[in-house]
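Here are the chains, one letter per residue:
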There are 2 protein chains.
Amino acid sequence: MHAAVTKKALTGALALLERIIPTRSSNPALLHVRVDAGEAGLRLSGTNLELDLECFVPAEVQFPESFTVPAHLFGQLVRSLGSELVTLSLEGSELHVHAGGTSLSLQTGDLQAHPALAFPNQADLSLDAAELARALGSVRYAASNEAFQAVFRGIKLEHHPGFARVVASDGYRVALRDFPVEGTGGRNLIIPARSVDELTRVLKDGQARFTYGEGMLTVTTEQIRMNLKLLDGEYPDYERVIPKDIRLQFTLPAVTLKEAVGRVAVLADKNANNRVEFMVSEGKLRLSAEGDYGRAQDTVEVQQGGREPAMSLAFNARHVLDALGPVEGDVTLRLSGASTPGILQPVDGSAYQAIIVTLRV
Amino acid sequence: MHAAVTKKALTGALALLERIIPTRSSNPALLHVRVDAGEAGLRLSGTNLELDLECFVPAEVQFPESFTVPAHLFGQLVRSLGSELVTLSLEGSELHVHAGGTSLSLQTGDLQAHPALAFPNQADLSLDAAELARALGSVRYAASNEAFQAVFRGIKLEHHPGFARVVASDGYRVALRDFPVEGTGGRNLIIPARSVDELTRVLKDGQARFTYGEGMLTVTTEQIRMNLKLLDGEYPDYERVIPKDIRLQFTLPAVTLKEAVGRVAVLADKNANNRVEFMVSEGKLRLSAEGDYGRAQDTVEVQQGGREPAMSLAFNARHVLDALGPVEGDVTLRLSGASTPGILQPVDGSAYQAIIVTLRV
């Protein structure tokens, strides 16, 4: 095997694969990246057994062959090269790397021991990659990181006529975002949040093609193919908790709310859910918090609406700050009472919504 | 006490103090910053018992008083404020902070329990603050972080006629840098490297005035006063290890050497001192390394000089990369043989030198 490739293309692919391929494992074969040299270029692949990733690297190849090398070492070496033009050649069990005045010889691994990864070719559905990535990125924060939380550790992807919805929740808050989808046949499924992090990273412009398998989703783009193991289970009926009867709402710049909540939260009691009181009346939002070290109070102007003249309730400051993360411009909080969740939504018309439980009085 | 102060000045001082003041301690008084409000402004001070720091913050003060507040909480609160004008007022045991629409009340600490810090006023010597900081910053890497290494955990400051020298070593390498000093009466002393890190951070332009105390150095600038506990002990005679008989030398851009050594070092054996072979002959430097995963070789052009036509020796790659840290432009390596240390020096005329032991053949 002999291949000529650019440093830029090779480092780009290895950077993605190094995020998936573990740095330690009881199975040393998993630490390797598999390289399949073909007519059109190199296909680099690796797995963490939850997620398989294959990246395509254009290259001029002679004598196509396959081999594996330690992924993180290979990545570090390729990044350190001083020349943009890199040649790879396989001689026996050694991979020779040449670039400028540099010559490297790397021991290759046992190709047979590397897990066989299969990426299906036909596509069942096609989504806009950037829209999907933006939607997943907006709701990711609300998913649980706790092992015992079952399906809450995943992000649900729902298909509706004309649009798709992603939903994340940890039982205390729900985040959702809709985006337009053409075509039908999309299945509802739950993707582990950690796999979603890797998926959003590889989604760029263009189309993301979905292929449905047994407990598995394959996503294909121009550059990559990714197999994601899906979570099994029933996702709770989150729509049930979204209040319909809005009695008071207020609007203000998201950054103003973020800074004011951030300030009073410093003195909020960490052992009492970072409790911050919200009091709305006469076009003003008064925030207050109290803890072991002192008290904080902040007043900001808001555009107030709804049939109730005033309302007092409390949120976990962390939930409010997280929910504001994906919001730019102005934000509206729609409230139904002190014991029902609040709805936080940008006024820019993006189909993002956060539903946050209130804390008990 | 009532004080009007800018957020910028207060956050600047607190950022420096938060680096010194511990976040946990068996003596809770140490977690507090002491504020002495006087006619001209606020003096903020704190200590980690190795290092005392006082920062001056200009303020309009009425009814001067002193108090303490939890340093890290106070820093976090002040940084979060949305207005540049901040007023502080002390009422009983509570400090009230007002800024824009924000009101905070903080419990103050026990003023009597806070350690009394004394900063002498007279100065014994005056140094250029920026020169001192640059010199200390250049050699810091060579000091040891190992508790058992006694004086090697410190940086030595030597006074010679017309110049001062800072020296750091861990027994395997020495780094030194000279800088001009006017005036006499400077004492040789050893400052703990961790205190040097804080000192270099607070030294800006202008003069650093030294006051010598009992096992203690006080450094005073326009903005700060710092007491540094000194290390006791005899610093080894490092000049003894600097080779005088240079038999071969070569010069190349520092960045070229850094990148080439960095590349081959990836494959060097971590359990064999990151050994990298240097072979110089005919205007070329050939670097090579070998480890469990493979071999690396790199060739770069150099300007070669000296009476020997060729030389082969080995260094710890980490030592060479560290020594190159403070070097810009071209660098010269002066060699005396395979078993004597090498001298690395920038050709820009800055008085920095690194002396590095060679590894056994």
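Residues numbered from 1 in each chain as written. Chains lettered and ligands numbered in written order. Predicted model: local features only at pLDDT ≥ 70, side-chain atom pairs only at ≥ 80, totals over all residues. Heavy atoms only, no water.

Caption draft 1: Examining the domain arrangement of chain A more closely. Residues and elements named next belong to chain A. Domain boundaries in chain A define domain 1 (2-113), domain 2 (125-238) and domain 3 (242-356). Counting residues at the interface gives 10 residues for domain 2, matched by 12 residues for domain 3. Ranking the residues of domain 2 by area buried against domain 3 places Y141, R173 and L176 at the top, with a combined share of 47%. For the interface between domain 2 and domain 3, the tally reads one salt bridge. Where R173 meets D322, a salt bridge forms, and the shortest distance between an N and an O atom there is 3.0 Å. Scanning the region where domain 2 abuts domain 3 turns up five residue pairs in polar contact (both at pLDDT 80 or more). Of the residues in the side of domain 2 that touches domain 3, the class split is six nonpolar, one polar and three charged. (Domains from an automatic or database assignment. Contact = heavy atoms within 4.5 Å. Buried area = accessible area lost by both parts, 1.4 Å probe. Salt bridge = Lys/Arg side-chain N within 4 Å of Asp/Glu carboxyl O. Polar contact = N/O pair within 3.5 Å; in protein donor to acceptor, adjacent residues only side chain to side chain. Nonpolar A, V, L, I, M, F, W, Y, C, P; charged D, E, K, R; others polar.)

Caption draft 2: Representation of the relation of the copies chain A and chain B within the structure. Each copy superposes on the other: chain A lies on chain B with an RMSD of 0.0 Å after a rotation of 180° and an axial shift of 0.0 Å. In symmetry terms, the pair is related by a two-fold rotation axis. Most of the interface of chain A is mirrored in chain B: 100% of its interface residues are interface residues there too. (Least-squares fit on C-alpha atoms with pLDDT ≥ 70 in both.)

Caption draft 3: Looking closely at the packing of aromatic side chains. Residues and elements named next belong to chain A. Per the counting criterion, the structure on display carries six aromatic pairs over all chains. Consider the rings of F278 and F315, whose centres lie 5.1 Å apart with planes at 90°: the pair is edge-to-face. Taken as a pair, F278 in strand β19 (residues 275-281) and F315 in strand β23 (residues 310-316) lie far apart in primary sequence, 37 residues in all. In this pair, the class of F278 matches that of F315, namely buried. (Phe/Tyr/Trp six-rings, centres within 6.5 Å; stacked < 30°, edge-to-face > 60°. Helix = DSSP H or I, 4+ residues; strand = E, 2+ residues; numbered from the N terminus. Buried < 20%, exposed > 50% of the residue type's maximum accessible area, 1.4 Å probe, protein only.)

Caption draft 4: Examining empty space enclosed by the protein more closely. All names here are of chain A. Tallied over the entire structure, the rule returns one cavity of 30 Å³ or more. Contributing to the lining of the largest cavity are L132, L136, L157, I191, L199 and F210. The residue makeup of the lining of the largest cavity, split by class, is six nonpolar, no polar and no charged. (1 Å grid on protein atoms, 1.4 Å probe; cavity = no way out; pocket = protein on both sides within 12 Å on 5 of 7 lines; lining within 4 Å. Points joined across faces, edges and corners; volume = space filled by probe spheres on them.)

Caption draft 5: View of the environment of G294 of chain B. Tracing the backbone through its elements, the reader meets G294 of chain B in strand β21 (residues 294-301). Setting aside residues up to four positions removed in sequence, G294 of chain B forms contacts with S105 and L106 of chain A together with L267 and A289 of chain B.

Caption draft 6: Expanded view of the UniProt feature "domain: DNA polymerase III beta sliding clamp central" (unreviewed entry) in chain A. What UniProt calls "domain: DNA polymerase III beta sliding clamp central" (unreviewed entry) maps, in this numbering, to residues 127-237 of chain A. Helix makes up 19% of residues 127-237 of chain A and strand 41%, whereas the separation of the span's terminal C-alpha atoms amounts to 25 Å. (UniProt positions renumbered as here; feature names shortened; annotations may be inferred.)

Caption draft 7: Here's a closer look at the packing of helix α1 (residues 7-20) of chain A against helix α2 (residues 71-80) of chain A. Residues and elements named next belong to chain A. Close contact between α1 and α2 brings their axes to 9 Å; oriented N to C, the two are set at 150°. Relative to α2, the element α1 is oriented roughly antiparallel. In the packing of α1 onto α2, the handedness of the crossing is left-handed. Where α1 approaches α2, its residues K7, L10, T11, L14 and E18 are matched on the opposing element by A71, H72, F74, G75, V78 and R79. The residue makeup of the contact of α1 with α2, split by class, is five nonpolar, three polar and three charged. (Axes fitted to C-alpha atoms, helices over the stretch in contact; angles between N-to-C directions. Parallel < 35°, antiparallel > 145°, perpendicular 65-115°, else oblique. Left-handed = near helix turned anticlockwise from the far one by under 90°.)

Caption draft 8: Quick look at the UniProt feature "domain: DNA polymerase III beta sliding clamp N-terminal" (unreviewed entry) in chain A. The UniProt record marks residues 1-117 of chain A with the feature "domain: DNA polymerase III beta sliding clamp N-terminal" (unreviewed entry), using the residue numbering of this structure. Summarising residues 1-117 of chain A: 21% helix, 45% strand, and an end-to-end C-alpha distance of 21 Å.

Caption draft 9: Summary view of the sheet that holds strand β16 (residues 216-220) of chain B. Residue and element names in this part refer to chain B. In spatial order, the strands read β6-β2-β3-β4-β17-β16-β15-β10; together these eight strands make up an open sheet with antiparallel pairing. Two strands in the sheet have a free side with no partner beyond their single neighbour: β6 (66-70) and β10 (125-128). Each strand of the sheet is rotated relative to its neighbour by a mean of 20°, with strand direction disregarded. Bridge count between β10 and strand β15 (residues 207-213): four bridges; the pairing is antiparallel. When the bridges of β15 are listed, D128 appears paired with Q207. Where helix α2 (residues 71-80) meets the sheet, it contacts β2 (32-37) and β6, and its direction lies at approximately 85° from that of β6. On top of the sheet, helix α3 (residues 129-139) reaches β10 and β15; it is set at about 70° to β10, its chief contact. (Pairing = 2+ DSSP bridges.)

Caption draft 10: The environment of S138 of chain A, seen in detail. Residues and elements named next belong to chain A. Position of S138 relative to the elements: it lies in helix α3 (residues 129-139). When the C-alpha positions of S138 and I190 are compared, they lie 16 Å apart, and in sequence the two are 52 residues distant. For S138, the residues in contact, after removing those within four places along its chain, are R177, P326 and Y352. Of note is the side chain of S138, whose polar atom sits 2.9 Å from the side chain of R177.

Caption draft 11: Focus on the side chain of N227 of chain B. All names here are of chain B. Within the secondary structure, N227 sits in strand β17 (residues 224-229). Note on N227: relative accessible area 2%, which makes it buried. Within the structure, N227 has its side chain in polar contact with the backbone oxygen of A118 (distance 3.0 Å).

Caption draft 12: Broad picture of the interface of chain A and chain B. With 26 residues of chain A at the contact, the number on the chain B side is 26 residues. In total, about 2,200 Å² of surface goes out of reach between chain A and chain B, with carbon and sulfur atoms giving 54% of it. Our count for the contact surface shared by chain A and chain B stands at two salt bridges. Here chain A and chain B share 16 residue pairs in polar contact (both at pLDDT 80 or more) between them. Among the secondary structure elements, those contributing two or more residues to the side of chain A that touches chain B are α2, β8 (94-99), β9 (102-107) and β21 (294-301) of chain A. Partitioning the side of chain A that touches chain B into residue classes produces 10 nonpolar, 12 polar and four charged. Two elements, β21 of chain A and strand β9 (residues 102-107) of chain B, share five bridges in a ladder whose sense is antiparallel.

Caption draft 13: Representation of the pattern of salt bridges within the structure. All names here are of chain A. Counted by the stated rule, this structure contains 40 salt bridges over all chains. Here E198 ties to R201 by a salt bridge, and the two come within 3.8 Å at their closest N and O atoms. Linking E198 with R201, this pair stays in helix α4 (residues 193-202), spanning three residues, or about one helical turn. Residue E198 is classed as buried on the basis of its relative accessible area, which comes to 11%.

Caption draft 14: Just α1 of chain A, in detail. Counted at 1.5 Å a residue, the expected span for α1 of chain A with its 14 residues is 20 Å, and the 20 Å between its end C-alpha atoms agrees. Of the positions making up α1 of chain A, those classed as buried are K7, L10, T11, A13, L14, L17, E18 and I20 of chain A. (Expected span 1.5 Å × (residues − 1).)

Caption draft 15: Structural view of the sheet that holds strand β5 (residues 60-62) of chain B. In space, the nine strands of this open sheet follow the order β23(A)-β19(A)-β20(A)-β21(A)-β9(B)-β8(B)-β7(B)-β1(B)-β5(B), with antiparallel pairing throughout. Every other strand in the sheet has two partners, leaving β23 of chain A together with β5 of chain B as the edge strands with one partner each. Across this sheet, the average inter-strand angle for adjacent strands is 15°, counted without regard to direction. Pairing geometry for β19 of chain A and β23 of chain A, over seven bridges, is antiparallel. Within β23 of chain A, the position partnered with M279 of chain A by the bridge is S312 of chain A. Those strands touched by helix α5 (residues 254-265) of chain A are β19, β20 (284-291) and β21 of chain A together with β9 of chain B, and its axis lies near 165° from that of β21 of chain A.

Caption draft 16: How the structure looks around the environment of S26 of chain A. Residues and elements named next belong to chain A. Checked against the element boundaries, S26 lands in the loop between α1 and β2 (32-37). Judged by relative accessible area, S26 falls into the exposed class, the value being 78%. Spatially, the C-alpha atoms of S26 and G305 are 60 Å apart, while their sequence positions differ by 279 residues.

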